[in-house]
Amino acid sequence: MNIGAIKFAAASLGLISASVSATDMPLNLTKGVTDISGQVYDLHMYIFWICTVIGIVVFGAMFWSILHHRKSKGVKPADFHESTKVEILWTAIPFVILIAIAWPAAKTLLAMEDPSESDLTIEVTGSQWKWHYKYHGTDVEYYSVLATQSEQIHNKFEKGDNYLLEVDRPLVIPTGKKVRFLVTSDDVIHSWWVPAFAVKKDANPGFINEAWTRVNEAGLYRGQCAELCGKDHGFMPVVVIAKEPAEFDAWFAEQEQIIRDKKAEEQRWLSMSMSMDDAMDMGQKIYTANCAACHQASGEGLPGAFPALKGSKIATNNNPAEHIGIVLNGKKGMPAFGKQLSLAEIAAVVTYERNAWGNNTKQLVQPKDVNDVKNGK
Amino acid sequence: MSSIVEQDIHADDHHHHAPGGGIKRWLYTTNHKDIGTLYLWFAFIMFLVGGSMAMVIRAELFEPGLQIVEPNFFNQMTTVHGLVMVFGAVMPAFTGLANWMVPMMIGAPDMALPRMNNWSFWILPFAFAILLASLFMEGGGPNFGWTFYAPLSTTYSNDSTALFVFSVHIMGASSIMGAINVIVTIMNMRAPGMTYMKMPLFVWTWFITAFLLIAVMPVLAGAVTMVLTDKFFGTSFFSAAGGGDPVLFQHIFWFFGHPEVYIMILPAFGIISQIVPTFARKPLFGYASMVYATASIALLSFVVWAHHMFTTGMPVAGELFFMIATMLISVPTGVKVFNWVATMWRGAMTFEMPMLFALAFIVLFTIGGFSGLMLAITPVDFQYHDTYFVVAHFHYVLVTGAIFSIFAAAYYWLPKWSGVMFDKKLANWHFWCSLVSVNVLFFPMHFVGLAGMPRRIPDYALQFADFNKWISIGGFAFGLSQLFFLALLIKACRKQGEPAAAKPWEGAEGLEWEIPSPAPYHTFETPPVIK
């Protein structure tokens, strides 16, 4: 009992000190690492000080009055109740202040909204609840997904330093170049935000928004989705690595090579067949990473919001084609995984869903089957 | 004037007094005072309901990680908290105040349309019963934020959206009827001699508010109807796949939503303009400019809506227009604050409870005004947008703004309503605990937002942990502080306390103080004559 209490106290002390040491929150807006974000910071401080001065004057007059013009001090109230001169004055002065704010604000805004003459274009696509990046005009594209383990979120593991602000594959951009972003969405509205660049742009399904940045310092910059986009809105961070141009070019060449290798691999998969055990193993991993957030680890879904797969008709009938089609192309609220997962991965996850949780169809789906559905066979 | 009032009371003797107890009195009542009381109690209950949802939110955000609720339920809490506070607490409270006070302030015997008045109140409990019941449906209630942006609220929402839409329709119908009643009453039932420019400012601000309500509530009704048909009947207003546009939804919503913001603050300006002169014992400074400022704010409120949407990808000309139009609103709003300070200047102030809340309002609302001006600046708004900086801003103007003004009004007129002075000890506890805790609750949100914490997230990065802990502690304390007010209201309704004089505040002026406390069931059946 006593030992238990001591252990508990020690643990809670540990928790407290851990949370203190992890805290170094800045108290102000970031200056960021671009010329624009520096201008935005300056504007922010400029307006802040204007407000502060107005506040001191107005609240000063008010508190002076509260201290001195009180009945308990025996003052007799004055009777004045209008003065055209004063009233015109305190309507006019704010106008002048507003012009002094609007002028520099408009200049910065015009610069921010001019994405012309960019050196590189990246297509940014939001979907529930991850980001997809494609280097415009190339084959290099990938998803960027939250890397924090769900055990950390559910307080089973200790939380890492970059809790909720880490992804499996960050976006990589070159420093010193004008990078243009084309932002859109596959489902609901998201908003792509990197505070250090002062870039926040909504990702609207069916429309493309433009934004741009030119990063001055190499480094790693973190942001988050800023528009409520459903259940896991809090769990789709943005991470961007800015590399020196030479390093960026090397990285990019490497990515192109990886893509080529992957395509070759995909062709090989078409002629190969997976064993049931391999498919189930791989499928479970894919399921946990991509499907369990909605359909739940138990396959039971969330009634009314996300359908159950356990015992569902589509996952247990004799014809897996419909099932494969939904995973490939999505359905209503469900995203399409055709771009995100390889043929083998989709084959594995469909196999898993058709055999886990007592769905026992004993059916083994092969990459070739997925390819057939994809090509409309 | 007092002789007329006596005659009025005498006349009253021939009529029935307040009908006996029982539910039927309240169900069938057409009396503006009864309906005002119903509205005010309903608003206070909804304030506690919406507040307890805020407690769930703050409990989950007390520490990083998911502890108490799952993200889907968290989103339902933020959504329904917003809806309940806006449509269930603030708006009905102001309508309740209008019901009680507008006829008494303009010397009218009742509202112009008493049966519609009854109806507009009694559909409200049904609207909120439907909304709250949807939380218990399979899949849960609305979880797309009180702004219900499409397509999150259409293609990607659950079936309870139908209930949400229906309940918003009922709330809208209730508000429109309430507004019609206020306008008809003010235009037709002012006592002889009470010209428009002699009306008390609370009446003026409500008059203007009522026009805003009639203008924009139908727009909200249109928005929810389009959401309904997009979701259930295959239309594509907000889906690009069918030729629609999700951003169109935001334009429609905020064309309602921004005037709505002023619907929730103009009556507050009226209340403060009644209270400050009373306790400064000096007439309101710049009455005419107050009226013009209110009207200008109302007109400008129709041309600023897209400042909620700077990140949606507007043309730069649009951004500049909405930035400048929004900044302009600070001019008439500034005039109001300057006028209140000038009213206090060289007055003889005392600091009874209504005045304390009014002073807190002026300071804290102005802080919310400053952050509002900062948010208007488009390039900087890109950084603030959808962070806790915005949450701090609108809670300063809505909690320490609108709700503090409602508290001020309740303390100011409670002796008139109940006939007894409220318990000063409880009132002091209520004020000071609320004042401290509300700032512990909302002030750190500015910093958390500037540091980059998005709003509407159930879990956050570790750097935000310490501040969120304090915010939650402030939240719990602010929630508990409201129980003092509940106790005080119950005591006042049970008539426990010293009897109140007809004019319990030395410096008060206006027709409502010419009649005894508590106000008789029928007042001004013979109109008073204003010189």
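How each quantity is defined
Residues numbered from 1 in each chain as written. Chains lettered and ligands numbered in written order. Predicted model: local features only at pLDDT ≥ 70, side-chain atom pairs only at ≥ 80, totals over all residues. Heavy atoms only, no water. Helix = DSSP H or I, 4+ residues; strand = E, 2+ residues; numbered from the N terminus. Rg over C-alpha atoms; globule rule 2.2 N^0.38 Å. Buried < 20%, exposed > 50% of the residue type's maximum accessible area, 1.4 Å probe, protein only. Contact = heavy atoms within 4.5 Å. Areas by Shrake-Rupley, 256 points an atom, 1.4 Å probe, with all protein chains shown as cover. Buried area = accessible area lost by both parts, 1.4 Å probe. Salt bridge = Lys/Arg side-chain N within 4 Å of Asp/Glu carboxyl O. Polar contact = N/O pair within 3.5 Å; in protein donor to acceptor, adjacent residues only side chain to side chain. Nonpolar A, V, L, I, M, F, W, Y, C, P; charged D, E, K, R; others polar. Pairing = 2+ DSSP bridges. Axes fitted to C-alpha atoms, helices over the stretch in contact; angles between N-to-C directions. Parallel < 35°, antiparallel > 145°, perpendicular 65-115°, else oblique. Left-handed = near helix turned anticlockwise from the far one by under 90°. pLDDT = per-residue confidence, 0-100. Phe/Tyr/Trp six-rings, centres within 6.5 Å; stacked < 30°, edge-to-face > 60°. Lys NZ or Arg CZ within 6 Å of the ring centre and 35° of its normal.

Caption draft 1: Structural detail: the overall build of chain A. Per the secondary structure count, chain A includes eleven helices and ten strands. Its C-alpha atoms give chain A a radius of gyration of 28 Å, more than 25% over the compact-globule value 21 Å for 377 residues. By its C-alpha atoms, chain A is 95 × 70 × 40 Å across when sized along the principal axes. Out of the 377 residues belonging to chain A, those deemed buried represent 47%. Taking the intrachain contacts of chain A between residues at least 6 apart in sequence as the baseline, contacts between residues at least 24 apart amount to 64%. Split by element, the accessible area of chain A, about 18,800 Å² in all, is 59% carbon and sulfur.

Caption draft 2: Here's a closer look at the interface of chain B and chain A. Listed per partner, the contact involves 95 residues of chain B and 94 residues of chain A. For the pairing of chain B and chain A, the buried interface totals around 8,300 Å² over both sides, and the portion due to carbon and sulfur atoms is 71%. Together, Y156(B), Q383(B) and L462(B) form the three largest contributors to the area buried by chain B at its contact with chain A, with a combined 9%. On inspection of chain B and its partner chain A, the count reaches one salt bridge. Across the pair E506(B) and K71(A) runs a salt bridge, and its minimum N-O distance is 3.0 Å. Joining chain B to chain A, the criterion identifies 23 residue pairs in polar contact (both at pLDDT 80 or more). At 15 residues, the largest contribution of residues to the side of chain B that touches chain A is made by helix 12 (residues 316-344) of chain B. Of the residues contributing to the side of chain B that touches chain A, the split by class is 56 nonpolar, 26 polar and 13 charged.

Caption draft 3: Region of interest: the sheet that holds strand 9 (residues 219-224) of chain A. Residue and element names in this part refer to chain A. Spatial strand order, 4-10-9: three strands in an open sheet with mixed pairing. The strands lining the two open edges of the sheet, one partner per strand, are strand 4 (171-174) and strand 9. Adjacent strand axes in the sheet meet at a mean angle of 25 degrees when their direction is disregarded. Where strand 4 lies against strand 10 (residues 237-243), four bridges are found, and the strand directions are parallel. Along strand 10, the bridge assignment pairs V172 with I241. Here helix 5 (residues 245-271) sits on the sheet and contacts strand 4 and strand 10; the angle it forms with strand 4, its principal contact strand, is near 135 degrees.

Caption draft 4: Main features of the side chain of N31(B). Residue and element names in this part refer to chain B. Within the secondary structure layout, N31 lies in the loop between helix 2 (23-28) and helix 3 (32-60). In terms of polar contacts, N31 uses its side chain to reach the backbone carbonyl oxygen of Y521, at 2.9 Å. Contact partners of N31, with chain neighbours within four places excluded, come to D110, Y521 and H522.

Caption draft 5: Examining the packing of helix 6 (residues 124-133) of chain B against helix 7 (residues 161-188) of chain B more closely. Residue and element names in this part refer to chain B. Look at helix 6 against helix 7: their axes get within 8 Å of each other, and the N-to-C directions meet at 160 degrees. Between helix 6 and helix 7, the angle falls in the class roughly antiparallel. In the packing of helix 6 onto helix 7, the handedness of the crossing is left-handed. Of helix 7, the residues touching helix 6 (which contributes L124, A127, F128, I130 and L131) are L163, F164, F166, S167, I170, M171 and S174. Each residue belonging to the contact of helix 6 with helix 7 can be placed in one class, and the counts come to ten nonpolar, two polar and no charged.

Caption draft 6: Inspection of the environment of P200(B) at higher detail. Residue and element names in this part refer to chain B. Tracing the sequence through the fold places P200 in the loop between helix 7 and helix 8 (201-232). The spatial distance from the C-alpha of P200 to the C-alpha of L511 is 9.5 Å, given a sequence separation of 311 residues. Not counting the four nearest positions on each side in its chain, P200 is found in contact with M105, M194 and Q274.

Caption draft 7: Spotlight on the sheet that holds strand 5 (residues 179-185) of chain A. Residues and elements named next belong to chain A. Strand order in the open sheet formed by five strands is 3-2-1-5-8, with mixed pairing between adjacent strands. Whereas interior strands pair on both sides, the edge strands pair on one side only; in this sheet they are strand 3 (141-144) and strand 8 (209-213). Strand-to-strand twist in this sheet, taken as the mean axis angle between neighbours without regard to direction, amounts to 25 degrees. Two elements, strand 1 (residues 120-127) and strand 2 (residues 130-135), share six bridges in a ladder whose sense is antiparallel. Across the sheet, the residue bridging to V124 is Y133, located in strand 2.

Caption draft 8: Geometry of the confidence of the model for chain A. Residues and elements named next belong to chain A. Across chain A, pLDDT averages 89, with 94% of residues at or above 70. When pLDDT is averaged over each helix and strand of chain A, the minimum, 44, is found for helix 1 (residues 2-21) and the maximum, 98, for strand 6 (residues 190-194). Counting interchain partners and residues more than four positions distant, the pLDDT-below-50 stretch residues 1-22 has three contacts.

Caption draft 9: Region of interest: the pairing of strand 3 of chain A. Residues and elements named next belong to chain A. Examined bridge by bridge, strand 2 and strand 3 share four bridges and lie antiparallel to one another. Residue pairing across strands places Y133 opposite Y142, the latter belonging to strand 3. Where strand 2 folds back onto strand 3 in an antiparallel hairpin, the turn is made up of five residues, including G137, whose phi is positive at roughly 80 degrees.

Caption draft 10: Fine view of helix 6 of chain B. Within helix 6 of chain B the residues assigned to the buried category are L124(B), A127(B), F128(B), I130(B), L131(B) and L132(B). Buried residues in helix 6 of chain B make contact with helix 3, helix 4 (71-106), helix 5 (114-122) and helix 7 of chain B.

Caption draft 11: Region of interest: the packing of aromatic side chains. For the structure on display, the rule yields 74 aromatic pairs over all chains. Ring plane angle 70 degrees and centroid distance 6.1 Å describe the contact between Y149(B) and F249(B), whose orientation is recorded as edge-to-face. Highlighted residues: Y149(B) in the loop between helix 6 and helix 7 and F249(B) in helix 9 (residues 246-263), separated in sequence by 100 residues. With respect to class, Y149(B) is no different from F249(B); both count as buried. Look at Y412(B) and W413(B): their rings are 5.2 Å apart centre to centre, the planes differ by 55 degrees, and that puts the pair in the tilted class. Each member of the pair, Y412(B) together with W413(B), is buried. Residue placement shows K178(A) over the ring face of W212(A); its charged tip is 4.2 Å from the ring centre. Stacked on the ring of W193(A), the Lys or Arg K200(A) has its end atom at 4.0 Å from the ring centre.

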